[in-house]
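Results of the structural survey
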Amino acid sequence: MAEPLRQRLTQAVLVGLFVVPLAVIALQAVADSWRAPSLLPQQLGWRGFEVAFGTGGAASAIVNSLAVALLTTAICLLVGWPAARALGGRLLPRNGLIALLIALPLLMPTYLAGFGLTEWFIRLGIDGTLAGLVLAHVVLALPYAILILLSGFNRTVDELEEMASTTGAGPLRRLLWVTLPSMRPALGAAALLSFLVSWSQYGSSLAVGAGRSTLPIVMLPFVRSDPQVGAAFAVLFVVPALIALTFAARSQRSPL
Amino acid sequence: MVPALGLLAVFYAGALVGALRVSFLPLGGNIGDASPAAWQALFSDPAFVDALVFTLRITAVSTVLAAVGGVLLALALRGRGTGIRVIGALPVPVPHLIVATSAVLWLAPGGLADRLLGALPLDLIRDSGGIGVIAVYVYKEAPFIALLVLATMGQSLRGREEAAMVFGAGGLQRAAWVLWPAIRTPLVLGSVIVAAFAIGAFEVPLTVGPNYPPTLATYAFESTQGDVIAGEGRAAAALLVSGVLATALAAVAVRLARSVEGG
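Residues numbered from 1 in each chain as written. Chains lettered and ligands numbered in written order. Predicted model: local features only at pLDDT ≥ 70, side-chain atom pairs only at ≥ 80, totals over all residues.

A word on the overall build of chain A
Rule in force here: Runs of H or I in DSSP of at least four residues are treated as helices and runs of E of at least two as strands, each being numbered from the N terminus. Exposed residues have 12 or fewer other C-beta atoms within 10 Å of their own C-beta, buried residues have 20 or more, and partly exposed residues fall in between, where C-beta atoms are placed from the backbone.
Secondary structure assignment for chain A yields 12 helices and two strands. Its helices and strands taken in sequence order, chain A reads α-β-β-α-α-α-α-α-α-α-α-α-α-α from the N to the C terminus. Each of the three principal axes of chain A carries a C-alpha extent, and together these read 70 × 65 × 30 Å. Across the 256 residues in chain A, those meeting the buried criterion constitute 45%.

Structure representation (structure tokens):
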């Protein structure tokens, strides 16, 4: 097969496989009537979003989800940074073991994590609070943040920092002008993943949240019972994820 | 370092201890009241055995299909432009629930696939074999594995392949001796993450899975809904089983990958 033809074929297959099925969700969200066997909706309208924001409680769920995801992201970056720095700089003995310990929570089923933590959160009086949700999400997202930041702290960063300090830059200037810019791609990726892990979290939120609504929690019943409302929720659900992705993609551009 | 490790250790151990405690003690009970009743109830419940088998089957099939699909996708995307790579990675940031929504729209009886093809030969959504669940996982995770594998398919691999070709290695030999060693580590790591996720499967089986059998996580959830006191203990025990399975599987996979490397 000629190369351009093959390339176009791959492209068509991928668009058909990944773009079309997901894009059709947006159409379903505004399809007030879409009965078989028609391939196009019979009637368009806003019923899906009206129900989502009405009985579905989408507005408060979005606010809760955003607050939890943004706080989780901030904590993961702040706590993950020094950890990745120490691991990447090989300041510690038994680095491999520590990296393994950090990765362990990745293997823990999310509902188990939430279920086990709830037992303690009830005693601490933080079950069903934003703080409880953020703590549970941090445990699940922090390993990703550390492992990604770790990949950013390499020899090049060390050498650049050394150069900066021999030319007389103090710790603050070094951080602002050298370390942060050269870590931008890793920071962007770590922030994106922390945000997405929290934003999509279902199992742990169900256990810890004690009825406090987040977007996935209020959305799920509709996917089964009323697909149009489910699709409207899906649109609300995917937009912040795509915005986060765009930000992260921009931070990947070569910084130096 | 210390805050991060401390946080993870305290909460990881805390979650495990919390679940263990619930599995042996009723909520708020004293240590003297501890009993293995919940565990006995769990292992004598035929629904738990069904859930265990169902979870393992879904995990095995989705992981293998996602790994194979991921490598094929990576080979198709290799050396292509940024635009096409972004399309190939599209499902990675999309939450599972959205993929499940799309699966219902397309694959449910009377869904778009039915309408396009006249009729689907199988029931895919909420079928007792869990095909819908597997479809969602493969759709979401194959691109994830492709991303990990693609990261190792850079210029240096191309160079080694060309060198092998110069020495007369055929396509199969190049795949076995040059490509496979390069992609093995990310492939195993990615598969472990996919398998761990499928073992903990929750929202996907709730939306596109059958009413029966449940997965371990949905079995635990249903236990807490039915019987508030005894159900909590059984749920905790079932979840601990899933946690142990995920960790054991990861340990075996990492060991296997290492011994292949050594030999």
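That shown, we press on.
A word on the overall build of chain B
Within chain B one finds 12 helices and zero strands. In terms of principal-axis extent, the alpha carbons of chain B reach across some 75 × 55 × 35 Å. Going through the 263 residues of chain B one by one, you find that 44% of them count as buried.

What to know about the interface of chain B and chain A
Selection rule: Contact between two residues is assigned when their C-beta atoms, built from the backbone, lie within 7 Å. Each residue is assigned to one class: nonpolar for Ala, Val, Leu, Ile, Met, Phe, Trp, Tyr, Cys and Pro, charged for Asp, Glu, Lys and Arg, and polar for all the others, Gly among them.
Contacts between the two partners involve 55 residues from chain B and, on the opposite side, 59 residues from chain A. Residue assignment for the side of chain B that touches chain A shows that the elements contributing at least two residues are helix H1 (2-24), helix H4 (82-88), helix H5 (96-107), helix H6 (112-117), helix H9 (171-199), helix H10 (203-208), helix H11 (216-226) and helix H12 (228-262) of chain B. In terms of residue count, the dominant contributor to the side of chain B that touches chain A is H1(B) (14 residues). Tallied by class, residues from the side of chain B that touches chain A come to 40 nonpolar, 12 polar and three charged.

Digging into the packing of helix H3 (residues 58-88) of chain A against H1(B)
Applied cut-off: Angular values range over 0 to 180 degrees, each being the angle between N-to-C directions of two axes fitted as lines to C-alpha atoms, with helices fitted over their stretch in contact. An angle below 35 degrees is read as roughly parallel, one above 145 as roughly antiparallel, one from 65 to 115 as roughly perpendicular, and any other as oblique.
The geometry of H3(A) relative to H1(B) is characterised by a closest axis approach of 7 Å and an angle of 115° between their N-to-C directions. Put simply, H3(A) runs roughly perpendicular to H1(B). Note on element contacts: H1(B) touches H3(A) through B:Pro3, B:Ala4, B:Leu5 and B:Leu7, opposite A:Val79, A:Gly80 and A:Ala83. A per-class count over the contact of H3(A) with H1(B) returns six nonpolar, one polar and no charged.

Observations regarding the confidence of the model for chain B
Rules: Scored from 0 to 100, pLDDT reflects the predictor's confidence in each residue.
Residues with a pLDDT of 70 or more make up 96% of chain B, whose mean pLDDT is 86. What the predictor reports for the complex is a pTM of 0.88 with an ipTM of 0.87.

So, the packing of helix H7 (residues 155-166) of chain A against helix H8 (residues 171-182) of chain A
All names here are of chain A. Note the following rule: Here is the rule for handedness: rotate from the far helix to the near one, and if that takes an anticlockwise turn smaller than a right angle the crossing is left-handed, while a clockwise turn gives right-handed.
Two numbers describe how H7 lies on H8: the axes approach to 10 Å, and their chain directions differ by 165°. With respect to each other, H7 and H8 are oriented roughly antiparallel. The crossing of H7 and H8 is right-handed. Here Thr156, Val157, Leu160, Glu161, Ala164 and Ser165 of H7 lie close against H8, whose contacting residues are Arg174, Val178, Thr179 and Ser182. Counted by class, the contact of H7 with H8 contains four nonpolar, four polar and two charged residues.

A closer look at the environment of A:Leu242
As for its placement among the helices and strands, A:Leu242 is situated in helix H12 (residues 227-251). For the pair formed by A:Leu242 and A:Leu196, sequence separation is 46 residues and the distance between their alpha carbons is 9.9 Å.

A look at helix H5 (residues 110-124) of chain A
Residue and element names in this part refer to chain A. Note the following rule: A helix is expected to reach a length of 1.5 Å times the quantity of its residues less one. The bend reported for a residue corresponds to the angle between axes fitted to the seven residues ending at that residue and the seven starting there.
Across its 15 residues, H5 extends 20 Å between first and last C-alpha, which sits within 8% of the 21 Å expected from 1.5 Å per residue. Residue Thr118 marks the point of greatest curvature in H5, where the axis turns by about 35°. Most of H5 sits inside the fold, with 11 of its 15 residues counted as buried. Of the positions making up H5, those classed as buried are Thr110, Tyr111, Leu112, Ala113, Gly114, Phe115, Gly116, Leu117, Thr118, Glu119 and Phe121. After H5 finishes, the residue Gly125 shows a positive phi value of roughly 75°.

Digging into the confidence of the model for chain A
Where the model shows low pLDDT, its predicted coordinates should not be examined in detail. Per-residue pLDDT for chain A has a mean of 85; in total, 94% of the residues score no lower than 70. Confidence scores differ between elements of chain A, with helix H4 (residues 95-103) of chain A showing the lowest mean pLDDT of 73 and H3(A) the highest of 91.

Quick notes on H7(A)
Residue and element names in this part refer to chain A. Taking 1.5 Å of rise per residue, 12 residues should cover 16 Å, and H7 covers 16 Å from first to last C-alpha, within 8% of that figure. For H7, the buried fraction is low: zero of the 12 residues fall into the buried class. Immediately beyond the C-terminal end of H7, within one or two residues, lies Gly168, with a positive phi of roughly 95°.

Some details on unusual backbone geometry
Of note, the bond from B:Tyr212 into B:Pro213 is cis; its omega dihedral lies within 30 degrees of zero at -5°. When you line up the elements, B:Pro213 lands in the loop between H10 and H11.

Here we look at the environment of B:Pro213
Residue and element names in this part refer to chain B. The exposure class assigned to Pro213 is buried, which follows from the 23 C-beta atoms found within 10 Å. Each C-alpha atom of the pair Pro213 and Gly130 lies 8.9 Å from the other, and the pair is 83 residues apart in sequence. When sequence neighbours within four positions are dropped, the list of residues in contact with Pro213 reads Asp50, Ala51 and Phe54.

So, the environment of B:Val64
Residues and elements named next belong to chain B. Within the element layout of this structure, Val64 appears in helix H3 (residues 46-77). Of the residues examined, Val64 has 14 C-beta atoms within 10 Å and is grouped as partly exposed. Between the alpha carbons of Val64 and Glu161 there is a distance of 26 Å; along the sequence they are 97 residues apart.

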